[in-house]
Structure formats: C-alpha cells, structure tokens
Amino acid sequence: PCAVLGGYAAGPTKEAAVVAKGMKTVLVSHGSEDSGLASPRVPDVTQTCPNYHPMGQAIVNWLRSKGRTDFVATIHSSHEHGRIYRDTIDNACRDSNFTSVHSIVIGPPFTGMTPNSSVRYAMLSIQKTTYRTIVAVLNKYEGSQMDLIADIAEELQMNTNEYVWVFVLPSEQTIDDFVVY
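Draft legend 1. Focus on the packing of aromatic side chains. All chains considered together, the criterion is met by two aromatic pairs. For the ring pair Phe71 and Tyr131, a centre distance of 5.4 Å and an interplane angle of 70° mean the geometry is edge-to-face. Residue Phe71 is found in strand E4 (residues 71-77), and its partner Tyr131 is found in the loop between helix H4 (119-127) and strand E6 (133-137); the two are separated by 60 residues along the sequence. Take Tyr131: its relative accessible area is 11%, and that puts it in the buried class. With a centroid separation of 5.8 Å and an interplanar angle of 10°, the aromatic rings of Trp165 and Phe167 are classed as stacked. For Trp165, a relative accessible area of 19% corresponds to the buried category. Given a relative accessible area of 35%, Phe167 falls into the partly exposed group.

Draft legend 2. View of the sheet that holds E6. Pairing in this open sheet of four strands is parallel, and the strands run E5-E4-E6-E7 from one edge to the other. The sheet is open, and its two edges are formed by strand E5 (100-106) and strand E7 (164-168), each paired on a single side. Going across the sheet, the axis of each strand differs from the next one's by a mean of 20°, ignoring polarity. Note that E6 and E7 share five bridges and pair parallel. Within E7, the position partnered with Val137 by the bridge is Val168. Lying over the sheet, helix H3 (residues 80-95) contacts E4, E5, E6 and E7, oriented at roughly 165° with respect to E4.

Draft legend 3. Looking closely at the packing of helix H2 (residues 53-65) against H3. Packing of H2 against H3 brings their axes to within 8 Å, and their N-to-C directions diverge by 55°. Taken together, the axes of H2 and H3 lie oblique to each other. Note on packing geometry: the crossing formed by H2 with H3 is right-handed. Across the interface between the two elements, His53, Met55, Gly56, Gln57, Ile59 and Val60 of H2 pack against Tyr85, Thr88, Ile89, Ala92, Cys93 and Asp95 of H3.

Draft legend 4. Here's a closer look at the environment of Val166. Considering the arrangement of structural elements, one finds Val166 in strand E7. Judged by its relative accessible area of 12%, Val166 falls in the buried class. Separated by 104 residues in sequence, Val166 and Trp62 have C-alpha atoms that sit 9.7 Å apart. In this structure Val166 touches Ile59, Trp62, Leu63, Ile134, Val135 and Ala136, once residues within four positions along its chain are discounted.

Conventions used here
- Residues numbered from 1 in each chain as written.
- Predicted model: local features only at pLDDT ≥ 70, side-chain atom pairs only at ≥ 80, totals over all residues.
- Heavy atoms only, no water.
- Phe/Tyr/Trp six-rings, centres within 6.5 Å; stacked < 30°, edge-to-face > 60°.
- Helix = DSSP H or I, 4+ residues; strand = E, 2+ residues; numbered from the N terminus.
- Buried < 20%, exposed > 50% of the residue type's maximum accessible area, 1.4 Å probe, protein only.
- Pairing = 2+ DSSP bridges.
- Axes fitted to C-alpha atoms, helices over the stretch in contact; angles between N-to-C directions.
- Contact = heavy atoms within 4.5 Å.
- Parallel < 35°, antiparallel > 145°, perpendicular 65-115°, else oblique.
- Left-handed = near helix turned anticlockwise from the far one by under 90°.

Functional significance is not addressed by these values, which are geometric in nature.
Put into structure tokens, the structure is as follows:
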C-alpha cells in the first residue's frame, strides 16, 4: 500500500503507526493531537491538521447559550495543545463578537508566583479583573494542573456561581487522567 490512514485520536493512531511501520509504509493521521506522533522519533507518521475551529466554536456557542458574551479569560498550558486551543478559543470568541479575550500561559512547575508559569499568579490576575468566564486548556504531560486549579479556585472563592469554568482536555486523555477520586 501507499499509506495507511490513521485514527482520529492519538491511541488508535499510535497502534496504526505500528502496523504501518510493519508494512514499510507511512501513516497519515487526520485528527490526532499528539505532537509526539509527528517527530523525528516517529518518522513514518504524517499528521494533517485536525479541524480545531469547530471545537472552539462549540465551546463559544455553549458559553453564549449560558449568557456569557463579554469577557473570556483563557488559562492555557505552555504545551502545544494549550497554545493551539488558546488560538482556537480566541478566534472563536472574536468571531462571535465577545468584548474582550485575555490569555495567560502556565507551565511547569505550575506553582509559586512566577508570571508565565504559575497557576496561582494566573488566577489572581483573573480575579482582579471583571473576567468571570474562564477556559482552562490543560494537559497531563506536565503535572497535576486540574487539582491545583480546583484548590486555588476554592481558596480564592472563584468557584461561586459568578464564575463559569470550561476545561479543555486533549482528546487522547480522559477526565480520569485528571481527577483524583
């Protein structure tokens, strides 16, 4: 065969990559978000760009249905998934005429008070503004972000009805990867 068309998510795509390698052909994935699949370590995999815009638009449509049409803050990880979804959410908000969109990057170790890494710093910055709609784009590649956000939200009383939170997770990871029961 000329190529193997891979799965939509990272898990099936990883399995299909093994098959393609055994067949000495390439794998083309049309929806996997895992950037590790298109790297020098996996030279036989090619990713076409998944269509992120409908995902961002679905989030914005849900926010609009809840009456949130003005100020949106995006907390996103420094990982590629976070940066891509930041742009997707920002563009969808602007297309839907939101008043203002503000993005804050977080990265390892996620603690402390260092701008551009600290969850606490990002949340304190949002708390000081009129932004009460928050989209958190997370990944499990770099620490336990959801637990940290939940603890800080409780401490800062950012878990009241005044706030609306939306959590965006990578498609190859489940909510069970993020929540401690």
